[in-house]
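The lines below spell out each chain.
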Amino acid sequence: MTTDGIRTNLSKYVKRAGITRSVAPHSFRRFYAKHSALNGIDIFSLQRILGHADITTTRRYIQLDKDDLISQHNHFSPLGNVLQTKRHKITPH
């Protein structure tokens with residue numbers, strides 16, 4: 001497979017799927033990086049998987065939007081975990 005072959009095939013499949021926005025092969029790489037980070041991979045492992053020499057390049061790949069930050073905060077917040085644990089321990093009398 002060549003780079004041009006990948007782009008040509010991707011373009012063909014995007015048209016068949018009726019996708020109107022621009023989709024490039026690099027989009028999949030960014031999607032993979034961001035969603036790997038959201039699922040808990042550490043940034044150093046991700047850096048090696050992506051083959052980045054500099055961690056700042058990897059950090060640019062995983063820019064999170066507001067909704068991502070809220071979701072991560074809700075999932076990993078120590079206070080949220082304490083409150084959730086207390087709720088489970090409360091039993092009706």
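Keep in mind it's a predicted model, so treat the numbers as computed, not measured. (Residues numbered from 1 in each chain as written. Predicted model: local features only at pLDDT ≥ 70, side-chain atom pairs only at ≥ 80, totals over all residues. Heavy atoms only, no water.)

## Describing helix α3 (residues 43–50)
Regarding α3, the residues found buried are Leu46, Gln47 and Leu50. Buried residues of α3, seen end-on, are gathered within an arc of 105° and therefore sit on one face of the element. Exposed and oriented more than 90 degrees from the buried face of α3 are Phe44 and Arg48. Those residues of α3 that are buried lie in contact with α2 (25–38) and α4 (55–61). The N-cap of α3, judged by a side-chain oxygen 3.2 Å from the amide nitrogen of Phe44 a few residues on, is Asp42. (Buried < 20%, exposed > 50% of the residue type's maximum accessible area, 1.4 Å probe, protein only. Helix = DSSP H or I, 4+ residues; strand = E, 2+ residues; numbered from the N terminus. Arc of directions from axis to C-beta. Contact = heavy atoms within 4.5 Å. Polar contact = N/O pair within 3.5 Å; in protein donor to acceptor, adjacent residues only side chain to side chain.)

## Regarding α2
With 14 residues, α2 should reach 20 Å at 1.5 Å per residue; the first-to-last C-alpha distance of 21 Å fits that figure. Residues Ala33, Lys34, Ser36 and Leu38 constitute the buried set of α2. Just beyond α2, the residue with positive phi is Gly40, at close to 110°. (Expected span 1.5 Å × (residues − 1).)

## A few points about the pattern of salt bridges
Using the criterion set out here, one finds three salt bridges in the structure. We note a salt bridge from Asp65 to Lys34, for which the minimum N-O separation is 4.0 Å. Of the two residues, Asp65 is situated in the loop between α4 and α5 (66–76) and Lys34 in helix α2; the sequence distance between them amounts to 31 residues. What makes Asp65 partly exposed here is its relative accessible area of 37%. (Salt bridge = Lys/Arg side-chain N within 4 Å of Asp/Glu carboxyl O.)

## A closer look at the packing of aromatic side chains
For any pair of aromatic rings, the description consists of the separation of the ring centres together with the inter-plane angle of the planes. Across all of its chains, the model carries zero aromatic pairs by this definition. Above the ring of Tyr61, the side-chain terminus of Arg30 is found at 4.4 Å from the ring centroid. (Phe/Tyr/Trp six-rings, centres within 6.5 Å; stacked < 30°, edge-to-face > 60°. Lys NZ or Arg CZ within 6 Å of the ring centre and 35° of its normal.)

## Considerations on the environment of Gln47
Its place among the elements puts Gln47 in helix α3. Judged by relative accessible area, Gln47 falls into the buried class, the value being 13%. Each C-alpha atom of the pair Gln47 and Thr57 lies 8.3 Å from the other, and the pair is ten residues apart in sequence. If sequence neighbours within four positions are ignored, Gln47 has contacts with His52, Ala53, Asp54, Ile55 and Thr58.

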